[in-house]
Amino acid sequence: MKNPSSIVWFRRDLRTADNPALAAARLAGRPVIAVYIHDKKGFFAIGGAQKWFLHYALEALRKSLDGLGIPLVLRRGRAEEILPLLVEESGAAAAYWNRRYAAEEIATDQTIKASLTGNRVEASSFNGALLREPWEIGTKAGGPYRVFTPFWNALRGIGPGRREVAAPEPQAAPASQICSDDLDDWALIPQSPDWAVEFRDCWRPGAAGAAAALDRFLDDPVNRYGEDRNRPDKEGTSRLSPHLALGTISALQVWNATRTATAAGGIAEREGTKFLSEIAWREFAYHLLYHNPAMPTEPLRADFRTFPWRDDEASFRAWTRGQTGVPIVDAGMRELWRTGWMHNRVRMIVASFLVKNLLIPWQKGERWFWDTLVDADPANNAASWQWVAGCGADAAPYFRIFNPVLQGQRFDPDGAYVRAFVPEIAALPNGCIHAPWNAPERALDAAGVRPGDTYPLPIADLEQSRNRALSAYEEMKAAA
Ligand code: FAD
């Protein structure tokens, strides 16, 4: 073949700027063909809510690539089969991609790399997702970190491991044309019923949407981040998570923009650093995932393998539907269903309620989140669930069990968040919005609330279920 092309395989890096694989492919000088493979099998196959985001992120990516003269080829199936096939069809001499870090993803990439290089096709991978590769940061003893603060200190000390790269210059279209699936045929967007109606008001998938979200956040909210990040009733966080999860923006772009704005005096040093430390939690989650390949399914603390979990489908179902009778939990679960996202403070509360008050295994919650979050992320989701369950690295001590009523009163003091998502109790006064079961008769009547009828009674008594969780923990420790 006279002018062989290069394939760039896009995965969770759906952007043209700061995309090291794409930049390297263009630098190599061959015409570039972009590929996205929709693999519906495997533990990390994109979940329901994220499919919605993926659809529009791919549309936006296609537009950006069009402007660069790079065709985007869409295919469905197992990447191990599809990618070598596409290389053959297109006569590509090289394939480029940005690395992934879950064990099964690494195994897939290694298989493909071996198959390509065996056929004399160059295969190169890059770091496009993280500030530092998981193996670039280690303790003094040379091992991986298990505690966040020293990890963060080490990361801050050395800083990002690469420079941001610009989007490539446009190219002349490649000679070989290979056919692509039609994105609409993938049916990523729900039809009947369209449960994602409200997603449109919340999200703007694609790199331009990510840049706008970052600008909005750095323009003002970042300066109250330390305080407001815990308030689900405020827009106090960046809402960059779905963009970071599908790579419509890179962690390095976020890092650099924040540092630049801080250096220019637009952001208070303390607030900017606090925000970057959250970006570092994401790095830490990837560090943990890479060094603990079983993290998505097995507790990092081995003693938790014998934890006496309960099998309680009815309670799990009530939890997923936001019908537990505990307002802040129900508000969170309904926010998740309606918008594909939930505030971090509330994620901690609903997760604690599931694994501690209901004693339902964290893996069930993790899977539900995987399917319902637009920001579902292989590392963040698993690490966070383990953190809440007390079985993860640097986890919250098990006996620190969130009281959802006190959490609600503290972080949603006027009940605005609960009212937004649990309208059936919206007319209750602030004093009882987080615990309607304690509301005086008069207040209930005036608000038209009939506990157990218009709104459920709590499916678990908070005090009793807390004691039951502590006993379960003692039982586990005694068995260890
Ligand atoms: P900001 O506060 O603006 O933070 C900026 C970015 O930093 C986030 O987008 C995220 O990439 C990262 N970040 C922030 N907090 C954390 C954290 N605690 N751990 C790791 N990274 C963090 N986050 C996901 O991206 N995907 C998930 O699947 C996910 N599952 C979670 C499950 C549970 C049970 C819990 C408690 C948390 C989970 N998180 C997950 C972490 C966190 O809730 C979200 O990252 C955050 O709410 C996203 O909102 P934001 O972008 O406005 O965050």
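Our subject is the structure listed above.
Reference entry: report on the structure contained in this document. (Residues numbered from 1 in each chain as written. Predicted model: local features only at pLDDT ≥ 70, side-chain atom pairs only at ≥ 80, totals over all residues. Heavy atoms only, no water.)

### Remarks on the pairing of strand β2 (residues 32-38)
Here is step 1 of the chain: Counted residue by residue, β2 has 7 buried out of 7 residues, so it is predominantly covered.
Here is step 2 of the chain: As paired elements, strand β1 (residues 6-10) and β2 share 5 bridges and run parallel to each other. When the sheet's bridge partners are listed, W9 is paired in β2 with V35.
Here is step 3 of the chain: Between β1 and its parallel partner β2, the chain crosses via helix α1 (residues 20-27), and the hand of that crossover is right-handed.
Here is step 4 of the chain: Relative to strand β3 (residues 72-76), β2 runs parallel, the two sharing 5 bridges. Its bridge partner lying in β3, I37 is registered against R75.
Here is step 5 of the chain: In this fold, the crossover linking β2 to β3 by way of helix α2 (residues 48-67) has right-handed handedness. (Buried < 20%, exposed > 50% of the residue type's maximum accessible area, 1.4 Å probe, protein only. Helix = DSSP H or I, 4+ residues; strand = E, 2+ residues; numbered from the N terminus. Pairing = 2+ DSSP bridges. Right-handed = clockwise from strand over helix to strand, strands pointing away.)

### With respect to the site of the ligand
Here is step 1 of the chain: Residues in close proximity to the ligand total 27 residues, the closest being Y225, T237, S238, R239 and N344.
Here is step 2 of the chain: Contacts to the ligand include R282, whose backbone N or O atom sits 3.5 Å from a nitrogen atom.
Here is step 3 of the chain: Separating an oxygen atom of the ligand from a side-chain N or O atom of R347 is a distance of 3.3 Å.
Here is step 4 of the chain: Bound to the protein, the ligand loses 95% of the 820 Å² it would expose on its own. (Near = heavy atom within 4 Å. Polar contact = N/O pair within 3.5 Å; in protein donor to acceptor, adjacent residues only side chain to side chain. Areas by Shrake-Rupley, 256 points an atom, 1.4 Å probe, with all protein chains shown as cover.)

### Here's the deal with the nonpolar core
Here is step 1 of the chain: Within the largest apolar cluster, 98 residues are counted, with the highest numbers of intra-cluster contacts made by W319, V329 and F369.
Here is step 2 of the chain: A per-element tally of this core places helix α11 (residues 269-291) first, with 9 residues.
Here is step 3 of the chain: In this structure, L61, L65, L68 and V374 belong to the second largest nonpolar core, which totals 35 residues. (Core = buried A, V, L, I, M, F, W, Y, C linked by side-chain atoms within 4.5 Å.)

### Looking at the packing of aromatic side chains
Here is step 1 of the chain: Tallied over the entire structure, the rule returns 36 aromatic pairs.
Here is step 2 of the chain: Ring plane angle 45° and centroid distance 6.1 Å describe the contact between Y36 and W186, whose orientation is recorded as tilted. Taken together, the positions of Y36 in strand β2 and W186 in the loop between α5 (148-158) and α6 (199-202) put the pair 150 residues apart, joining distant regions of the chain.
Here is step 3 of the chain: For W186, a relative accessible area of 6% corresponds to the buried category.
Here is step 4 of the chain: Summarising the aromatic geometry, the rings of F304 and F307 are spaced 5.6 Å apart at their centres and angled 10° between planes, so their arrangement reads as stacked. Considered together, F304 and F307 belong to a single accessibility category, that of buried residues. (Phe/Tyr/Trp six-rings, centres within 6.5 Å; stacked < 30°, edge-to-face > 60°.)

So yeah, pure geometry; function would need other evidence.
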